[in-house]
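Observations on the model geometry
Each chain, letter by letter, is given below.
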Amino acid sequence: MSKSSIDIESVLKEARVFEPPKEFAAQAHIGSLEEYERLYRQSVDEPEAFWAEQAETLHWFRKWDRVLDWDPPHAKWFAGGQINVSDNCLDRHLTTHRKNKAAIIWEGEPGDQRVLTYDMLHAEVCRCANTLKALGVAQGDRVIVYMPMVPELAITLLACARIGATHSVVFGGFSAQALEDRINDCEAKLVVTADGGWRRGKEVALKPQVDAALEKCSSVDHCLVLKRTGSDLPMVEGRDVWWHDVVPAASADCPAEPLDSEHPLYILYTSGTTGKPKGIVHSTAGYLLGASLSAKYVFDLKDEDTYWCTADIGWVTGHSYIVYGILANGATTVMYEGAPNHPGPDRFWDIVERYRVNIFYTAPTAIRAFIKWGNEWPEKHDLSSLRLLGSVGEPINPEAWMWYRSVIGGDRCPIVDTWWQTETGSIMITPLPGAIPTTPGTATRPFFGVVAEVVDKDGNAEPPEKGGFLVLRKPWPSMLRNIWGDPERYEKQYWSDYPGSYFTGDGARQDAAGNFWIMGRVDDVINVSGHRLGTMEIESALVSHPRVAEAAVVGRPDDLKGQAISAFVTLEGSAAPPPNFKDELRAHVTKEIGAIAKPDDIRFTDALPKTRSGKIMRRLLKELASSGEVKGDTTTLEDFSVIAQLKESEE
Ligand code: PRX
């Protein structure tokens, strides 16, 4: 959908207002709307003073010279400062009461458990950091991390941060091809992986994918391999090293390197509107400040809390709100390896009950699955430890919000619906649970320092209640700094539509009370189970099959996943597709990108609807995929018969 053709209309009308519960507000870091508004005003009226004061909460090797250098669209935050993220997440807690406090409480899918205190985690991170150095990784080198959700994943990230290596986590669900593309794009020197991980009782093999990818990756010298599942693996002599052979033997003394504030902490690949994933680059100081400050206030984090975010560290949510933002606050983070429905649909509630989790952060797609599985599963467990619930990844429908509030939160816990993106690094629009009244379906108000606005296509502010495009007017500390190796795309993608402002790619409206209602993506990106997938990437994967001539992919509404993937495919030659060809194409996409990108519906057609200038009219395909009808404007369509034919090509 192009920006000019979109007509954003919001049909959602929701008026239930939930004030922050009095007892919650009384103990919260920010306990009233007035206090939020006062701090918010300060953060946007005097941003440099505000952020300088907040930055004092971190440990610096050298203080900054200037809070912000802003040469749009390039920002430097805390210019001239020297800092280390690993030091801030670990070392500074060791001289406090937190030294022997649980940093990570981990549970594997088979039921194995580990607790790492801050002191223990620090030692493990130092050993891992010394191992990375011994394997030739130096400051500025890139390390690809392709691991299951085990403590060693967090350990590896903190070890990279400690020595100034830039990490790039690739979600374990991505294929060898996707892995290869990412390794080559950032020219990684080392890959850290495992034999596999556990999901629904089965092994998800990882090392074989790495082996396939590394056939075409000349930058990689070594592969560090953790034994998790114990399955038999071929190890490549001279390249592959077992974790257990080297890490435990390494020294636990590894001082954190003082790094420039702007040093790239990590690259995380995300989908855009072209076929090529974008390597979003995040900084050191600004990112850490954004992640830690938002974690403290949005989750109202306290020392005695047990906090659990169910995301995978392969996504930005896991980076900011399992690892960095949480550990920087000296809190206890729960990490779980496996599926929510193994061995039964109550696994999450079992974990909440056993560890007495206080703060629970998950995605709407998971909530919809819980609703479908039935209330009896949460009702079997004592969830009274919970005091705050969070949601992230896509708009949460009011029905799911109300269910979450009553069945999981016992009508007692506030819900924070947090809007943000891989690019923003930290939460941007959100309730503060002790201060901001909530209504199902709105992410409510901007976080400190965030100047959000809904605009028309020319950049003029829309009046209240009118839908438009969501932009951020001012730079913020945890903003992305670049697209790895592609500064032009960085400028064009985010900063060219509304010069000087950041375009989010989302549609939104603001209500008269100032709440933001996010309406989803306006570009060719679909949101499946809270994960962004570029339609172009899936189209490129389909077209790379020798029998496919052309493909168009659109999202259609799906009760469980938010959006499902609908593919329209034309084939080479005139022969009919062979039997089971849809399955073959699904397997092909799985091989090219990973199972998350597998189309839900595939329809074969002789032609795709195009404009006279040859552009595929995805808007029409979207209508067709969602409702089976095309009612929209077809005046620019070149060949009308295409639509009739498409209607007949039932999935
Ligand atoms: O469309 C918005 C949606 O997810 C997109 C960002 O996806 P990603 O970079 O993968 O990061 C997901 C986790 C931060 C946004 O552009 N989105 C995310 N959170 C919400 C949301 N849409 C509505 N409400 C949210 N709370």
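Residues numbered from 1 in each chain as written. Predicted model: local features only at pLDDT ≥ 70, side-chain atom pairs only at ≥ 80, totals over all residues. Heavy atoms only, no water.

Turning next to empty space enclosed by the protein. Here the structure, examined in full by the defined rule, presents three cavities of 30 Å³ or more. By volume, the second largest cavity is sized at about 60 Å³. Lining the second largest cavity are W51, G290, S426, I427, M428, F447, F448, V450, W476, P477 and S478. Tallied by class, residues from the lining of the second largest cavity come to eight nonpolar, three polar and no charged. (1 Å grid on protein atoms, 1.4 Å probe; cavity = no way out; pocket = protein on both sides within 12 Å on 5 of 7 lines; lining within 4 Å. Points joined across faces, edges and corners; volume = space filled by probe spheres on them. Nonpolar A, V, L, I, M, F, W, Y, C, P; charged D, E, K, R; others polar.)

So, on to the domain arrangement of the protein. Frequently, the measure chosen for interface size is the accessible area that the parts lose on association. Considered domain by domain, the protein is made up of domain 1 (8-82 + 284-301 + 330-523) and domain 2 (525-648). Each partner contributes to the interface: domain 1 provides 11 residues, whereas domain 2 provides nine residues. Buried area between domain 1 and domain 2, both sides added, is near 890 Å², and the carbon and sulfur share of it is 44%. If you sort the residues of domain 1 by the area they bury against domain 2, T365, R368 and R521 come out on top, with a joint share of 47%. Where E423 meets R532, a salt bridge forms, and the shortest distance between an N and an O atom there is 2.9 Å. Taken together, the links from domain 1 to domain 2 amount to six residue pairs in polar contact (both at pLDDT 80 or more). The element that contributes the greatest number of residues to the side of domain 1 that touches domain 2 is helix α13 (residues 364-373), accounting for four residues. Here the residues of the side of domain 1 that touches domain 2 are counted per class, giving one nonpolar, four polar and six charged. (Domains from an automatic or database assignment. Contact = heavy atoms within 4.5 Å. Buried area = accessible area lost by both parts, 1.4 Å probe. Salt bridge = Lys/Arg side-chain N within 4 Å of Asp/Glu carboxyl O. Polar contact = N/O pair within 3.5 Å; in protein donor to acceptor, adjacent residues only side chain to side chain. Helix = DSSP H or I, 4+ residues; strand = E, 2+ residues; numbered from the N terminus.)

Moving on, we get to the site of the ligand. In the region of the ligand, 17 residues are neighbours, and D417, T418, T422, R521 and R532 sit closest. Within the side chain of D417, one N or O atom sits 2.7 Å away from a nitrogen atom of the ligand. Between the ligand and R521 there is a distance of 2.8 Å, counted from an oxygen atom to a side-chain nitrogen or oxygen. Starting from 550 Å² of accessible surface for the ligand in isolation, the protein chains cover 96%. Broken down by secondary-structure element, the contributors of at least two residues to the shell around the ligand are α11 (316-328), β21 (415-418) and β26 (516-521). Residue composition of the shell around the ligand, by class: six nonpolar, six polar and five charged. (Near = heavy atom within 4 Å. Areas by Shrake-Rupley, 256 points an atom, 1.4 Å probe, with all protein chains shown as cover.)

Pairing is antiparallel in the open sheet, where three strands are placed in the order β1-β4-β14. What marks the edges here is a single partner per strand, and that holds for β1 (60-62) and β14 (259-260). Alignment of β1 against strand β4 (residues 82-83), held across two bridges, turns out to be antiparallel. Counted as the bridge partner of W60 is I83 from β4. (Pairing = 2+ DSSP bridges.)

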